[in-house]
Amino acid sequence: MSSTPARVRIAPSPTGDPHVGTAYVALFNRTLARQTGGQFLLRIDDTDRSRYQASSEQKIFDALRWLGLDWDEGPDLGGPCAPYRQSERNAIYQQKVDHLLESGNAYRCFCSAETLAEVREKQKQDKLRLGYPGTCRDLDAVESSQRAAKEEPHVIRLRVPVEGETCFVDQIRGEIRIANCEIDDQVLIKTDGFPTYHLANVVDDIEFGITHVIRAEEWLISTPKHVLIYQALEHPLPGFFHVPLLRNADHSKISKRKNPVSLDWFREQGYLKEAILNFLALMGWSPPDGQEVFDLDRFQQEFNIEKISTGAPVFDLVKLDWLNGMHIRKMDPDQLLQRIDEEGFLPQGVSPQQAAAVLPLVVERMVRLAEFEPRTTWFFNLPEPPTPEDLVPRKGSPEQSLEALQATSALLKSDLPFQAEAVNEALDAMLAEKQWKKPLLFMPLRFALTSRSDSPDLIEVMMVLGRDNVIDRIDRAIAILECST
Ligand code: GLU
């Protein structure tokens, strides 16, 4: 792996919620920058004005910062190559495109959208390759300038050589060659005067001194055009690394119809940033020792950009849930509590001390931080009463549940010490004496105390609730059963 400082970038488009794919690509880029003592840049690709959403840029910043994927230069930080928003760089693109027009590597095209649509229809009918037919390629230079001077609507296209082939190396996939006759005369400047992604992207990567272009595989198909633009601008190529796309279970490109893709959603659900980063890292990279649970530091030490896999990683939320649970249990309790609080998952009115008392009971089963409240509300507030049906296990009867709860209530009202071991032993003795199977006692008791079918260990629940609360809740359940029988 090269150890010269890498200058790398991500170029998200502010078109909606911050996308998990942005974090995925940011992770690899930033890691390479950190490994080599280089810089990680954030550029906002806002050239597509029709899809632009003003609030999106801030959301991208917030989501990436939340994940800890901070950058060294960007629209909000400034830097030596400012501005970092493409919409503010139009003069630069214009200058480059003027140069390309002068050198003959680009030309104006006055074909209307309707004409081009007709051409396309005809190509389809005749089963020909779809593409720009080259109508304006050889337009007289003087005529072209005059029509532009009269503000006749036009685009500017790249003059792709008719012969030969374009060749480049993708550092993950190897050499790629494509016949130039397969490459369309790419639009560089649109009728609205804004550059296309292709032009802006290459010009900026050159201007920003980008050494490694690490981006999603979906851009691989555009890279030959980019290579031609680099060549027309007489600039050496950066290293290209196209990382595998995240996929839905059916292997289609990850989409919000089939998967959550907004980083905000993951945050709202209570995924830990550590788990998300771990998950995204595993989508493109396998740790040599097979240890799948790791943190960013270890990833930074061991990751090798050239070893990114070319597989089609499935974005599997079951795996993410598993990782989230693992990271939750890796954190020390104070740190976890603080995180629950910071992320807004501490129920209202609950003090950190109360939360600390109940956390050990739920931490083993917690998958997402958002579960903290539903899993613990029985502790902080008297839950909605259980229904009579809740209190009767499948193989039990109302009379039997009533007897079990009454016996437990009496036991707890006796002089039995209210300690885990003593209560446990007394309940075991009761089960043995009455020859009851465990669920016949524990199911009604669980609902009586928590109004839930899944709760932490019942003895622990009793210990955190305290004797009085436990007795009150059991007696409430007894009353419910008495009314219904
Ligand atoms: N704006 C593109 C995107 O949203 C950038 C692609 C690139 O990195 O060249 O992914």
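As the structure is a prediction and not an experimental result, all values here were calculated from the model.

K.L.:
Provide a residue-level description of the overall build of the protein chain, including the pertinent values.
P.N.:
Looking only at helices and strands, the protein chain has 19 helices and nine strands in total. With the C-alpha coordinates aligned to their principal axes, the bounding extent of the protein chain is approximately 105 × 50 × 35 Å. Out of the 485 residues belonging to the protein chain, those deemed buried represent 50%. Across the protein chain, every contact between residues at least 6 apart in sequence was considered, and the portion connecting residues at least 24 apart equals 75%. Accessible surface, the protein chain as shown: approximately 22,900 Å² in total, 49% of it carbon and sulfur. Side-chain charges in the protein chain split into 55 positive and 73 negative, and the spacing between the mean points of these groups amounts to 4 Å.

K.L.:
I'd like a rundown of the pattern of salt bridges, residues and numbers included.
P.N.:
Under the defined criterion, the tally for this structure stands at 37 salt bridges. Between R65 and D76 there is a salt bridge whose closest N-O contact spans 2.7 Å. Of this pair, R65 sits in helix α2 (residues 56-67) while D76 sits in the loop between α2 and α3 (90-103), and the two are 11 residues apart along the sequence. In this structure D76 comes out as partly exposed when scored by relative accessible area, which is 33%. Through salt bridges with shared partners, a single network forms among R9, R43, R89, D204 and D205.

K.L.:
Please give an account of the site of the ligand that cites residues and values.
P.N.:
Taken together, the neighbourhood of the ligand is formed by R9, A11, S13, D45, Y197, N201, R215 and W219. Within the side chain of N201, one N or O atom sits 3.3 Å away from an oxygen atom of the ligand. Note that an oxygen atom of the ligand is positioned 3.4 Å from one of the side-chain N or O atoms of W219. When isolated, the ligand has an accessible area of 300 Å², and the protein chains bury 82% of it. Put simply, the ligand lies in the largest pocket. Of the residues that constitute the shell around the ligand, the class distribution is three nonpolar, two polar and three charged.

K.L.:
Got a sec to walk through the pairing of strand β9 (residues 239-243)? Specific residues and values, please.
P.N.:
Counting buried positions along β9 gives five out of five residues, so the element sits mostly inside the fold. Here β9 shows a buried face lined by G239, F241 and V243 and a second buried face lined by F240 and H242. Across five bridges, the pairing between strand β8 (residues 212-216) and β9 is parallel. The partner of I214 across the bridge, within β9, is F241. A crossover links β8 with its parallel partner β9, the connecting element being helix α7 (residues 223-232), and its sense is right-handed.

K.L.:
Account for the packing of aromatic side chains, naming residues and giving values.
P.N.:
The final tally for this structure, using the stated rule, is 21 aromatic pairs. Taking the centre distance of 5.3 Å and the plane angle of 20° together, the rings of F28 and F303 count as stacked. Of this pair, F28 sits in helix α1 (residues 20-36) while F303 sits in the loop between α10 (296-302) and α11 (317-330), placing them 275 residues apart in sequence. Seen from their ring centres, F168 and F240 are 5.8 Å apart, and the 70° between their planes marks the pair as edge-to-face. Here F168, found in strand β5 (residues 165-170), pairs with F240, found in strand β9; they are 72 residues apart in sequence, far enough to count as distant. For the pair formed by F168 and F240, the shared burial category is buried. Sitting over the ring of Y52, R49 keeps its end group 4.4 Å from the ring centre.

So, how was this worked out
- Residues numbered from 1 in each chain as written.
- Predicted model: local features only at pLDDT ≥ 70, side-chain atom pairs only at ≥ 80, totals over all residues.
- Heavy atoms only, no water.
- Helix = DSSP H or I, 4+ residues; strand = E, 2+ residues; numbered from the N terminus.
- Buried < 20%, exposed > 50% of the residue type's maximum accessible area, 1.4 Å probe, protein only.
- Contact = heavy atoms within 4.5 Å.
- Areas by Shrake-Rupley, 256 points an atom, 1.4 Å probe, with all protein chains shown as cover.
- Lys, Arg positive; Asp, Glu negative; His and termini not counted.
- Charge placed at Lys NZ, Arg CZ, Asp CG, Glu CD.
- Salt bridge = Lys/Arg side-chain N within 4 Å of Asp/Glu carboxyl O.
- Near = heavy atom within 4 Å.
- Polar contact = N/O pair within 3.5 Å; in protein donor to acceptor, adjacent residues only side chain to side chain.
- 1 Å grid on protein atoms, 1.4 Å probe; cavity = no way out; pocket = protein on both sides within 12 Å on 5 of 7 lines; lining within 4 Å.
- Sits in = over half its atoms within 2 Å of the grid points.
- Nonpolar A, V, L, I, M, F, W, Y, C, P; charged D, E, K, R; others polar.
- Pairing = 2+ DSSP bridges.
- Right-handed = clockwise from strand over helix to strand, strands pointing away.
- Phe/Tyr/Trp six-rings, centres within 6.5 Å; stacked < 30°, edge-to-face > 60°.
- Lys NZ or Arg CZ within 6 Å of the ring centre and 35° of its normal.

Treat this as a map of the structure, not an account of what it does.
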